[in-house]
Amino acid sequence: MAKTLWKNGVIYTPHGIVQGGSLLVGEAGTIEAVGAGSAVAADGAEVRDLKGHTVLPGLIDVHVHGGYGFGVMNATYEDLDGMSRFHAAHGTTAFLATTSTAPGEAIEQALANVKRGMDRGVSGAELIGIHLEGPFINPKRGGAQD
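Each residue is numbered by its place in its chain's sequence as written, counting from 1. Reporting in this predicted model follows two pLDDT cut-offs: at least 70 for local features of residues, and 80 or more for side-chain atom pairs to be given and counted; totals over whole chains, interfaces and linings ignore these cut-offs and use all residues. Side-chain descriptors were evaluated using all non-hydrogen atoms of the structure, hydrogens and water having been removed beforehand.

Undergrad: So, the overall build of the chain: which residues are in play, and what are the values?
TA: By the criteria applied, helices consist of DSSP H or I runs no shorter than four residues and strands consist of E runs no shorter than two, each listed in order from the N terminus. When helices and strands are counted, the chain shows two helices and 10 strands. From first element to last, N terminus to C terminus, the chain shows the α and β order β-β-β-β-β-β-β-β-α-β-α-β. The atom set for the radius of gyration is the C-alpha atoms, and the globule formula is 2.2 Å times the number of residues raised to the power 0.38. Against the 2.2 N^0.38 benchmark of 15 Å for 146 residues, the chain shows a C-alpha radius of gyration of 20 Å, more extended than a compact globule. Along the first, second and third principal axes, the C-alpha atoms of the chain reach 60 × 30 × 20 Å. Buried residues are those whose accessible area, probed at 1.4 Å on protein chains only, stays under 20% of the maximum for their type, while exposed residues exceed 50% and partly exposed ones sit between those limits. For the chain, buried positions account for 33% of its 146 residues. Note on definitions: a residue-residue contact is assigned when non-hydrogen atoms from the two residues lie within 4.5 Å. Sequence-distant contacts, at least 24 apart, represent 59% of the contacts inside the chain between residues at least 6 apart. In this tally, Asp and Glu contribute negative charge and Lys and Arg positive charge; neither His nor the terminal groups of the chain are included. Taken as the charge centre is NZ of Lys, CZ of Arg, CG of Asp or CD of Glu, depending on the residue. Averaging the coordinates of the 10 positive side-chain charges in the chain and doing the same for the 15 negative ones gives two points 3 Å apart.

Below you can see the structure in the form of C-alpha cells.
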C-alpha cells in the first residue's frame, strides 16, 4: 500500500477539529500525520481531495447481535464475517459479538464460533470480543428477550 495524503477535510482528532485539514496515511495503513492546510508533507504520496468531507475516528460497537441478516447466534463464521463487513461499511472499526438469551447449548456454540472467528480474523470491522448478554438478563426486566 502506498502512502496517501487526504487533504481538504474536516478532521476530528483527540485535540480538536481541524478545518481544511490534511491526513497522511502511511504504507502500513496507519495515520502518520494530521495538520491544517498544507502543513503535512506529502513526498511521494498519492493525493486525494476530501472536498470538505468529515473524517472521524472509527467507532467501536460494544453491543452487536448482528446486521444485514447475519447474526451472532447463528454460530457460523460466515455470519460473523458478514456482520464485520456490514458494520465496517457504516463506520464501525471493531465490535463485540453479543449473545442473546437462548438455551445454554446455543450460547456455547455461539461463544465457540466467536473464538474461532477471532482466531481466524474477519474481513471487515475487527471482532475484538464477546458481550455475553444472555443469559445474564434480569427476568423481571428482560425487555424483548424471553
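Undergrad: How would you summarise unusual backbone geometry if you had to cite specific residues and measurements?
TA: Residue N8 is not a glycine yet carries a positive backbone phi of 65°. Secondary-structure assignment places N8 in strand 1 (residues 4–13). Even without being glycine, K51 reaches a positive phi, approximately 55°. Within the secondary structure, K51 sits in the loop between strand 4 (46–49) and strand 5 (54–55).

Undergrad: Before we move on, can you summarise the sheet that holds strand 6 (residues 59–64) with the specific residues and values?
TA: Between any two strands, pairing holds if DSSP finds at least two bridges. Read from one edge to the other, the open sheet built from three strands follows the order 6-9-10, with strand pairing classed as parallel. Two strands in the sheet have a free side with no partner beyond their single neighbour: strand 6 and strand 10 (126–131). Neighbour to neighbour, the strand axes of the sheet diverge by 25° on average, direction disregarded. Each of strand 9 (92–98) and strand 10 is contacted by helix 2 (residues 104–120), which is oriented at about 155° to strand 10, the strand it contacts most. An axis is simply a line fitted to the C-alpha atoms; with a helix, the fit covers only the stretch in contact. Between two such axes, the angle follows the N-to-C directions and lies from 0 to 180 degrees.

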